[in-house]
Amino acid sequence: MAANIVKKFKDKQTLSKLKSHDKEAFIAVYDNHVAEIYRFVYFKIGRKEEANDLTSMIFLKAWNHIQNNSLEDAKTLRALLYKVARNSIVDYYRETGSKLRVTSSLDDEDNRIEVVDEGINPQDKLDREADLELIKSKLPLLKEEYRDVVIMKFINDLTLEEIAEISGKNKGNVRVLLHRALSALKELVEGSEKV
Amino acid sequence: MTDRDFITKLNSLQKTAPDQAWLKSNRELLLTQISNSGAENLSIWKTLVINFFSLAKASVRPAYALGIFALVLIMGSLFGNQVFSNVKPNDSLYIARIISEKAKLNTILNSDSRDKLAAQFATQHAQEISAVLADPKFNNEQNKNQVASLTVSFNQEISTAKNQLSRLTVATTTDNSVVSIADNSKDNKGLSVATNPLGQTPNYITTSSAISTSTKKGGENIKGEGQTATSSSAGGATSTLLKADTSNSDTAKILDQAQKLFDQKDYDQAFNKLKEADQFINAAN
């Protein structure tokens, strides 16, 4: 309970500071959230360079939204960043016209993802990387809403409440969606392993 | 592959990280962009205000809000006057000190203690006014309006202190007549008639039948001891109260002297006299 209040307090404090044009608060938000927003964008669009550009744009858009009070419905800063990210990705899809290019890019050898692994032997590392590459290759084949919840829950570690707020669904719906998404992805990965 | 293994592998993707060089350069780029749109560093005061309101918003549930309100109220009344104790009468925060002192007075239930503390506060205020007026840097032509208003405040504080002390004297005199009941000899029927030492009309009539009955049951010796104990303790209380009474009248005299010295613009001497009065009130506490 107390931890919840502290979390709420910090969030309100940061939002208020951002509204008061505080540079330091913005940098703190950037440092705390840039990696997860980057991951969300990267696993959604699959291209490193574009993910970099979009991530940068998302932070700038979030700053402008806060200054203009145009995203009042976002209860937390994290939710606000994800909402901006989702909208930016939709805009990106609209501009590029197709997602086909995106789905193939995660397999692209030139755009391999940097996975930082510490303290494991080379063989395990190779096996793990092979598994991860397989999962990554199958992620783009998931339905858009499945992919969203899988990235948010299992890769970026958001709570059900946060995912519900970002996606505009209730917690029960998010739970069902997660279950289905996980089954679908597992099926895709296992199907590929059998082949 | 079990669901748990699969989820563990998905969790491993958390280690996917953007390029460090890009992170750093992008940070600088964003900082430049937001600086151009009016971003700045917040002042300490603004940060404090934001922290306060954020805390209030975070604890919006009534129970927490009530708890925080009660805590602020208690802390304010207990420690508020200590926080402002160094504020001088010519400072802008002086009013905050007066309010915190009033709050502290209101938290004291015992009327005697409250009157004593009120007298002490008034004496201290007068003392501080003397100290401020004794300073030639302040007491000059430029500040003549403030000096005049402080002079009026000084007289008010002295009169408040004297009033509080006289109330204390009245209270102790009344208590004295009550104690004198126990000090008087009883008639054979177990009735005791109060006559106070000043020779005034007795205020109270009481019966000691209950005491007499219990002591008789216990035997003559017990009765004798009981009577001795009662009269000696009552005698002690009377002398203490008489001392307090004398002390209060002495303090009032010192306050009169301080006021005279103040009127003669001998602020240093007035300050010393008031310090003495403060010590007297403290000792009475």
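The structure presented is a predicted model; accordingly, all values stated were derived computationally and were not measured. (Residues numbered from 1 in each chain as written. Chains lettered and ligands numbered in written order. Predicted model: local features only at pLDDT ≥ 70, side-chain atom pairs only at ≥ 80, totals over all residues.)

(A) Looking closely at the overall build of chain B. The helix and strand inventory of chain B stands at 10 helices and 2 strands. When the 285 residues of chain B are sorted by exposure, 21% land in the buried category. Relative to all contacts within chain B whose residues are 6 or more apart in sequence, the contacts with residues 24 or more apart total 58%. (Helix = DSSP H or I, 4+ residues; strand = E, 2+ residues; numbered from the N terminus. Buried ≥ 20, exposed ≤ 12 C-beta atoms within 10 Å, placed from the backbone. Contact = placed C-beta atoms within 7 Å.)

(B) The overall build of chain A, seen in detail. Secondary structure assignment for chain A yields 9 helices and 0 strands. Along chain A, helices and strands appear, N-terminal first, in the series α-α-α-α-α-α-α-α-α. Burial analysis of chain A (195 residues in total) assigns 35% to the buried set. In chain A, of all internal contacts separated by at least 6 residues, the share reaching a separation of at least 24 is 62%.

(C) Up close: the packing of helix α7 (residues 144-155) of chain A against helix α8 (residues 160-167) of chain A. Residues and elements named next belong to chain A. Contact geometry of α7 with α8 gives a least axis separation of 10 Å together with a crossing angle of 145 degrees. Between α7 and α8 lies a crossing whose hand is right-handed. Taken together, the residues of α8 that come into contact with α7 (itself represented by Asp 148, Val 149, Met 152 and Lys 153) are Ile 163, Ile 166 and Ser 167. (Axes fitted to C-alpha atoms, helices over the stretch in contact; angles between N-to-C directions. Left-handed = near helix turned anticlockwise from the far one by under 90°.)

(D) View of the interface of chain B and chain A. Facing 38 residues of chain B, the contacting portion of chain A comprises 41 residues. Of all the elements in the fold, those that place two or more residues in the side of chain B that touches chain A are α1 (3-12), α2 (20-36) and α3 (44-58) of chain B. Top element by residues in the side of chain B that touches chain A is α2 of chain B. It accounts for 10 residues.

(E) How the structure looks around the environment of Leu 77 of chain A. Mapped onto the elements, Leu 77 of chain A comes out in helix α4 (residues 77-96). Along the primary structure Leu 77 of chain A and Ile 66 of chain A are separated by 11 residues, whereas in three dimensions their C-alpha atoms are 9.6 Å apart.

(F) Structural view of the confidence of the model for chain B. Residues and elements named next belong to chain B. On average, residues of chain B score 73 in pLDDT, and 68% of them are at 70 or above. Contacts of residues 177-235 to residues separated by more than four positions or lying in other chains number 50 contacts, the stretch itself having pLDDT below 50. In the predicted complex, the global pTM is 0.51; the interface-specific ipTM is 0.79. (pLDDT = per-residue confidence, 0-100.)

(G) Layout of helix α2 (residues 23-45) of chain A. His 33 of chain A marks the point of greatest bend in α2 of chain A, at about 50 degrees. Count one or two residues on from α2 of chain A and you reach Gly 46 of chain A, which has phi positive near 80 degrees. (Bend = angle between axes of the 7 residues up to and from the residue.)

(H) Representation of the nonpolar core within the structure. Of all hydrophobic cores here, the largest spans 51 residues; its most connected members are Phe 26, Ile 37, Val 41, Ile 58, Ala 62, Leu 81 and Ala 85 of chain A. Elements represented by at least two residues in this core include exactly α1 (2-19), α2, α3 (48-68), α4, α7, α8 and α9 (171-194) of chain A together with α2 of chain B. Broken down by element, the residue count for this core peaks at 12 residues, all from α2 of chain A. The residue makeup of this core includes at least three contributed by each of domain 1 (12-110) and domain 2 (119-195) of chain A. The residues touching Ala 85 of chain A, leaving out its near neighbours within four places in the chain, are Ile 37, Phe 40, Val 41 and Ile 58 of chain A. (Core = buried A, V, L, I, M, F, W, Y, C linked by C-beta atoms within 7 Å. Domains from an automatic or database assignment.)

(I) Region of interest: the confidence of the model for chain A. Residues and elements named next belong to chain A. Mean pLDDT for chain A: 82, with 83% of residues reaching 70 or above. The low-confidence segment residues 100-104 (pLDDT under 50) makes 7 contacts with residues lying over four places distant or belonging to another chain. Taken as a whole, residues 109-114 scores under 50 in pLDDT and shows 7 contacts with residues more than four places along the chain or in a different chain.

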